[in-house]
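# Descriptive analysis of the structure
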Amino acid sequence: MATLAVTRPLAVRRVGTWLGKIPYAVLAIYALVAAIGPLVIDYNPISTSLDDRLLKPGSHLSTGGTAWLGTDGLGRDVLAQVVYGARTSILIGIATVVVSCVVGVTIGTVAGYFRGWLDTFLARGIDILLAFPAILLTIVIAGAFERSVPVVVIALAATAWISFARVTRSVSLSLRERAWVDAARVLGVRRTSILLRHVVPFTIGPVVALATLEFALVVLAEAGLSFLGIGLPPSAVSWGQTIANGKQYLDSAWWISALPGIALSLLIVNIGILGDQLTARYGRGHLN
Amino acid sequence: MIPLTRRAALTLGVAATMALSACSSATNGGSSSSGGGEVVIAGTYPVDSIDPGGPQGGGTGPQMVEQQLFSRLVRTKTDGSVEGDLATSWKSDATAKTWTFTLRKGVKFSDGKELKAADVADSFKRFIDLKGTNAANFPDYTMTAPSDDTVVLTASKPDAAIPRKLAVFFVLPSGVGANDTAFFDKPVGTGPFKLDKFSPNEIVLVPNPQYYGGAPKVTKVTIKKMPELAARLTALRTGEADVVWGIPDDQLPEVQKDSTLNVQIVQSSAVYTMWFNSSTPALKDAAVRRALWEAVDFPTIIKKLYPQTGSLSDSVVSKQTLGYVAQTPVKYDPVAAKAALTAAGFDFGTKLRLQFANAEFQQFNQAVVSDLQKIGVQVDLLQKEQAVFTKDLLALNWDINFQQLSNPMLDAANTVGRLYPCAAKRNGYCNPALDKLISQAAASTDEQERVKLYGEAEKIIWDDAVGMFPMAVKYAYAWNKRLSGFTPDPNGLPDFSKLQVNS
Amino acid sequence: MIRVVVKRLLIGVLVMWGAASLIFLIVRVAPGDPVSILLGPDATQDQVKELSASLGLQRPLAVQYVDYLGHAVRLDFGDSYRLGHPAMSEVLERLPATAELMLASTLIAVVLGLTLGLLAGGRPGSVVDRVVSAAAIALQSFPTFWIGIMLILVFALALRLLPSSGSGTPQHLILPAITMALPFTAIVARLTRTSVAETLREPYIQTAKSKGLTDRQVLLGHALRNSLLPVVTIVGLHMGGLMGGAVIVENVFSWPGLGSLVVDSVTNRDYEVVQAATFVIAGIVMLFNLAADLVYSQLDPRIRLEGS
């Protein structure tokens, strides 16, 4: 699960131009569904409809509507859960990527630029964090505290910042030797301005590519956490939770687990392809 | 360089063949494991320890195994009455403080040694000293052995419920230490079975030839740990397991269709108990609490979610519990509820926190929250991990608390008497009149009198809506038809000693 | 060489210290405590005090920490309050099940991944190549727990071929091992494909071919050998990822290994077991990483291990 980024650069570049646009289109649809869907489809995770329990996809509801993707064990619409789950996943993904990006880029740039004990300290700290499988540390953090959105974001960001730090560190390590950076230093430009104006901008390309891949990993990890029942509170709608809820009905109501999983997988596949394209275009810094 | 690579390639080849053959052998499917007189039980609850005095000893899982290995002075029958196990008779003095038990003659431990009263008294001391969960029922109680076949239990205050309470006390030989792993690796007991193997995944029991009731007929009972419901049911259908219980309603029809299985649903001692925190300002008023109860359509929820294993409860305790008296049902009436809340000045802006601990109760609680929301009462549903739940429960850090309250002692003393006095501080409710009834009931040695007094106490609890008591719980048991002599147990603690395998 | 290994091991010790400290910190900051679970809801105030004292939970945090490290050095993480015996022995008892699962899935991933990679890399741009590449992307993107559930749905419930969960027989191993192996297979396949495609572009291969070597001989003789190096390395480096996968897969299939132990212990606030388990996992991951580095340098003389 945590290995999406190991070996990306592949044949994707060769795929035809319109094929290459597919990920953009799919992601746009997801974004649109996440943004507008909740306005169109009314769904309240709290309200249950016991007369409509475990209906097949396409069944008619007691309220007169149609459950296109069926209903769950409490008579709640699965389609609505997929739509609201998209919003939850995307919001948590963005929040986590932003947090880990800010933390990672700051630490990486500073460590790479100043080197010395700070850099060594960072390198060892990263070694320690990498000794745990990412998901394990996330589970320990998320499981130890009360279930809530901020806890999930922090637990996910606790390992996600590392890749950002490593990439920006290697970029700034090479940048600090460049002539224009030297020039700025000689001219007496303040260190913060050098960092912000001459170093950070160069990390943007690889960081964007990385952010895409990290976003996919984070969304997967969040679903995994919710699946284990240690992620979001039950009042939040999450794909992982819906899949977990459906596990006891695999025999009789497969759609509860199967359909949100397809939605999730489709999103991840497309982000993965997009991430590949971005990586191929912008690279990921020199060291890895 | 090259030879190394060759070897690696060779290894790969071998590995591939191995993997393939593993696949092909696996498709032959699961052959049924238990032949002859062997029985496999699919365990619902983890059994991490079989020390009856230890911290885990009082749990349902451990207790189920302990009762096969160790006998008790008395035990409760499935109908709720008490019968002698190691004791043949017992009586108390007039104040119900001193209880004398006469022991069965000629009982031997599985190692052949004779059971002495000193063994019982020492076991009781160990049980109290170790302060396991069940020891809390006997605060400062002491047991002595005045002769080889009598023990005397002295309570710190009058306690008429002692015989039932003792159903959780198991007798070991004298001299077992506090953390005596050596003993519990090869335990010696007076129960129907001996321990053959103990591992986290599997416990194997074999008949104890010394058992006073005669050695069980089966040759082997294996309790396999299967925490997943799906795994238990699949195992039951393939014949991998012979007995499964705790089957939820959604899966029950499928099991009932299977012609190789017996299915029986028994009334348990458990009642869904949803306390209101009466110390919360919003819930201080009994009228508000009653209105909230009225606002939930429990009959429909039970009919839809628990068509077979649930029924509307009509008291604080279950029917077979000593002290049960039926109360007037609360009718579902959302309009009246809303009116009553408005009249009582209930602030619809407050969010009530409903806490519960176990995923299996999620649907029920969500349905309750949904109904409350319909009349404008907002509830935050909080599923908590056991540790946090328990801590918050004691700290009264909740507004509504859901629990499935079991009462393995089948005596109202254990629920009404223990949880509702002011001093218990369990739900913020305090009523001196209730306290008085409860202490009178505990001190009375006359069963009729106790039932009457507990009934009056239950009426106060019910009418003041200290909590909602929506559902009486039944347990669904399913077992393979090749077994006979299996009796489902209302507390999820079935006895295996009468089991027989039909050929 | 030996100096490098020693230096690596010293860094490893530092990492283990950091890992142990980090988990200690997280676990102590978290709310909820074992005392209330142990005693249940009926405990008196005195019982709570007495038990916390006997568990050493009332001492200052620094004292607890030093004590903890002192014992951790001897691999002693105390007794699990829940299970009554040493936490480390519980962890070691669960370790074989996880090892079995990891071994099986590594085998599947390597065999299947190498085969697919060879097929795809042997004819870059072919239909086979496209299918394998697309499948690899998909396999890496699907959430493991969902794949597991779908496999249960198909093979256990619909076809009734395999048990849906539990352990004990070889049949029980198949579904969890495959679930864990699939994303790993994708990694191995992509890696092999790249390496094979690169090898085939080498001039010496063209020479060999012109001398009459068949495609098959080229693939198995040269291309496969060249791709073994990166594959061996990735197996070592991926042990962490595999462990992470095990945490989820073991829960899907109720596999009685380290992963399900960790989740159980975390939710039950079984501090001692969480610490012992994470320590062991971190140790294993570290050793595999080290082994991968060493094997890599042994297999490829061009690479010399460096200290950092």
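Residues numbered from 1 in each chain as written. Chains lettered and ligands numbered in written order. Predicted model: local features only at pLDDT ≥ 70, side-chain atom pairs only at ≥ 80, totals over all residues.

## Points about the overall build of chain A
When helices and strands are counted, chain A shows 9 helices and 2 strands. Along its sequence from the N terminus, chain A presents helices and strands in the succession α-β-β-α-α-α-α-α-α-α-α. Across its three principal directions, the C-alpha atoms of chain A cover 75 × 45 × 30 Å. Within chain A, the fraction of its 288 residues that count as buried is 55%. (Helix = DSSP H or I, 4+ residues; strand = E, 2+ residues; numbered from the N terminus. Buried ≥ 20, exposed ≤ 12 C-beta atoms within 10 Å, placed from the backbone.)

## Let's talk about the packing of helix 7 (residues 191-228) of chain A against helix 9 (residues 255-282) of chain A
The description of two helices packed together rests on the angle between their axes and the distance between the axes. Residues and elements named next belong to chain A. The contact between helix 7 and helix 9 brings their axes to 8 Å, and the two run at 160°. Considering the angle they form, helix 7 stands roughly antiparallel to helix 9. The two elements helix 7 and helix 9 meet at a crossing, and its hand is left-handed. Between helix 7 and helix 9, the residues in contact are Gly205, Pro206, Val208, Ala209, Thr212, Leu213, Phe215, Ala216, Val219, Leu220 and Ala223 and Leu264, Leu267, Ile268, Ile271, Gly272, Leu274, Gly275, Leu278, Thr279 and Tyr282, respectively. Residue composition of the contact of helix 7 with helix 9, by class: 16 nonpolar, 5 polar and no charged. (Axes fitted to C-alpha atoms, helices over the stretch in contact; angles between N-to-C directions. Parallel < 35°, antiparallel > 145°, perpendicular 65-115°, else oblique. Left-handed = near helix turned anticlockwise from the far one by under 90°. Contact = placed C-beta atoms within 7 Å. Nonpolar A, V, L, I, M, F, W, Y, C, P; charged D, E, K, R; others polar.)

## A short note on the domain arrangement of chain C
Frequently, the measure chosen for interface size is the accessible area removed from exposure when the parts meet. Residues and elements named next belong to chain C. Taken domain by domain, chain C holds domain 1 (2-72) and domain 2 (88-307). If you average the C-alpha positions of domain 1 and of domain 2, the two centres end up 33 Å apart. Contacts between the two partners involve 17 residues from domain 1 and, on the opposite side, 15 residues from domain 2. Listing elements by their share of the side of domain 1 that touches domain 2, those giving two or more residues are helix 1 (2-29) and helix 2 (34-39). Examining the composition of the side of domain 1 that touches domain 2, we find that 12 residues originate from one element, helix 1, more than from any other. Residues that form the side of domain 1 that touches domain 2 fall into these classes: 12 nonpolar, 2 polar and 3 charged. (Domains from an automatic or database assignment.)

## Brief notes about the sheet that holds strand 7 (residues 150-154) of chain B
Adjacent strands of a sheet pair through backbone hydrogen bonds, lying either parallel or antiparallel. All names here are of chain B. The sheet built from 4 strands is open, its strands ordered 4-5-7-6 with antiparallel pairing. This sheet does not close on itself; its edge strands, each paired only once, are strand 4 (87-92) and strand 6 (142-147). Going from strand to strand, the sheet's axes swing by 20° on average, the running direction of each strand aside. Bridge count between strand 4 and strand 5 (residues 98-103): 5 bridges; the pairing is antiparallel. From the neighbouring strand, Ser89 faces strand 5, where its bridge partner is Thr102. Contacting strand 5, strand 6 and strand 7, helix 3 (residues 117-130) crosses the sheet at an angle of about 170° to strand 6. (Pairing = 2+ DSSP bridges.)

## Overview of the UniProt feature "transmembrane region" (unreviewed entry) in chain C
Residues and elements named next belong to chain C. Per the UniProt record, "transmembrane region" (unreviewed entry) is found at residues 9-30, 101-120, 132-161, 173-191, 228-253 and 273-296. Strand forms 0% of residues 132-161 and helix 83%; the C-alpha atoms that close the span are 27 Å apart. As annotated, residues 228-253 has a helix share of 92% and a strand share of 0%, and its two end C-alpha atoms lie 32 Å apart. (UniProt positions renumbered as here; feature names shortened; annotations may be inferred.)

## Concerning the UniProt feature "domain: ABC transmembrane type-1" (unreviewed entry) in chain C
Feature annotation in UniProt assigns "domain: ABC transmembrane type-1" (unreviewed entry) to the following positions: residues 95-292 of chain C. For residues 95-292 of chain C, the end-to-end C-alpha separation is 21 Å, with 84% helix and 0% strand making up the annotated structure.

## Observations concerning the interface of chain C and chain A
The partner chain A presents 44 residues to the 49 residues of chain C that form the contact. Every element with two or more residues in the side of chain C that touches chain A is listed here: helix 1, helix 6 (127-141), helix 7 (144-158), helix 8 (170-201), helix 11 (239-252), helix 12 (258-267) and helix 13 (271-299) of chain C. Broken down by element, the residue count for the side of chain C that touches chain A peaks at 9 residues, all from helix 1 of chain C. Here the residues of the side of chain C that touches chain A are counted per class, giving 35 nonpolar, 13 polar and 1 charged.

## A look at the UniProt feature "transmembrane region" (unreviewed entry) in chain A
Residues and elements named next belong to chain A. Within this structure's numbering, the places UniProt gives as "transmembrane region" (unreviewed entry) are residues 22-41, 90-114, 126-145, 151-168, 199-232 and 252-274. Overall, residues 126-145 shows 80% helix and 0% strand. The separation of its end C-alpha atoms is 23 Å. Summarising residues 199-232: 88% helix, 0% strand, and an end-to-end C-alpha distance of 37 Å.

## A look at helix 9 (residues 203-210) of chain C
Counting buried positions along helix 9 of chain C yields 0 of 8 residues, so the element is predominantly exposed. Gly212 of chain C sits one or two residues past helix 9 of chain C and shows a positive phi near 105°.

## Regarding the pairing of strand 10 (residues 220-225) of chain B
All names here are of chain B. Counted residue by residue, strand 10 has 5 buried out of 6 residues, so it is predominantly covered. As defined by bridge partners, strand 1 (residues 38-43) adjoins strand 10 across 6 bridges and the pair is classed as parallel. Across the sheet, the residue bridging to Glu38 is Lys220, located in strand 10. As defined by bridge partners, strand 9 (residues 202-207) adjoins strand 10 across 4 bridges and the pair is classed as antiparallel. What sits directly across from Leu205, in strand 10, is Val221.

## Notes on unusual backbone geometry
At Leu54 of chain A, a position not held by glycine, the phi torsion is positive, near 50°. Among the secondary structure elements, Leu54 of chain A is positioned in the loop between helix 1 (17-40) and strand 1 (59-60). For Leu75 of chain C, which is not glycine, the phi torsion reads 60° and is therefore positive. Among the secondary structure elements, Leu75 of chain C is positioned in the loop between helix 4 (61-73) and helix 5 (87-122).

## Quick look at the UniProt feature "domain: ABC transmembrane type-1" (unreviewed entry) in chain A
Per the UniProt annotation, the sites labelled "domain: ABC transmembrane type-1" (unreviewed entry) are residues 86-275 of chain A. Helix and strand shares over residues 86-275 of chain A are 83% and 0% respectively, and the end C-alpha atoms of the span are 19 Å apart.

## Structural notes on the environment of Gly323 of chain B
All names here are of chain B. Along the polypeptide, Gly323 turns up in the loop between strand 13 (310-312) and helix 10 (334-343). With 27 C-beta atoms packed within 10 Å, Gly323 lands in the buried category. The sequence separation of Gly323 and Leu410 amounts to 87 residues, and the corresponding C-alpha distance is 8.9 Å. The residues touching Gly323, leaving out its near neighbours within four places in the chain, are Val317, Asp411, Ala412, Val416, Arg450, Val451 and Tyr454.

## A closer look at the environment of Asn268 of chain C
Here Asn268 of chain C is to be found in the loop between helix 12 and helix 13. The class of Asn268 of chain C is buried, set by 20 C-beta atoms lying within 10 Å.

## Observations regarding the nonpolar core
Leu136, Ile139 and Val140 of chain A together with Val188 and Val262 of chain C are the most contacted members of the largest nonpolar core, which has 174 residues in total. Per-element tally for this core: the top contributor is helix 7 of chain A, with 19 residues. Ignoring sequence-local partners within four residues, the contact set of Ile139 of chain A consists of Leu225, Leu228 and Ile230 of chain A together with Val247, Val262, Val263 and Val266 of chain C. Of all hydrophobic cores here, the second largest spans 142 residues; its members include Val65, Leu195, Leu233 and Tyr324 of chain B. (Core = buried A, V, L, I, M, F, W, Y, C linked by C-beta atoms within 7 Å.)

## Considerations on the environment of Ile11 of chain C
Its place among the elements puts Ile11 of chain C in helix 1. You can call Ile11 of chain C partly exposed: it has 17 C-beta atoms within 10 Å.

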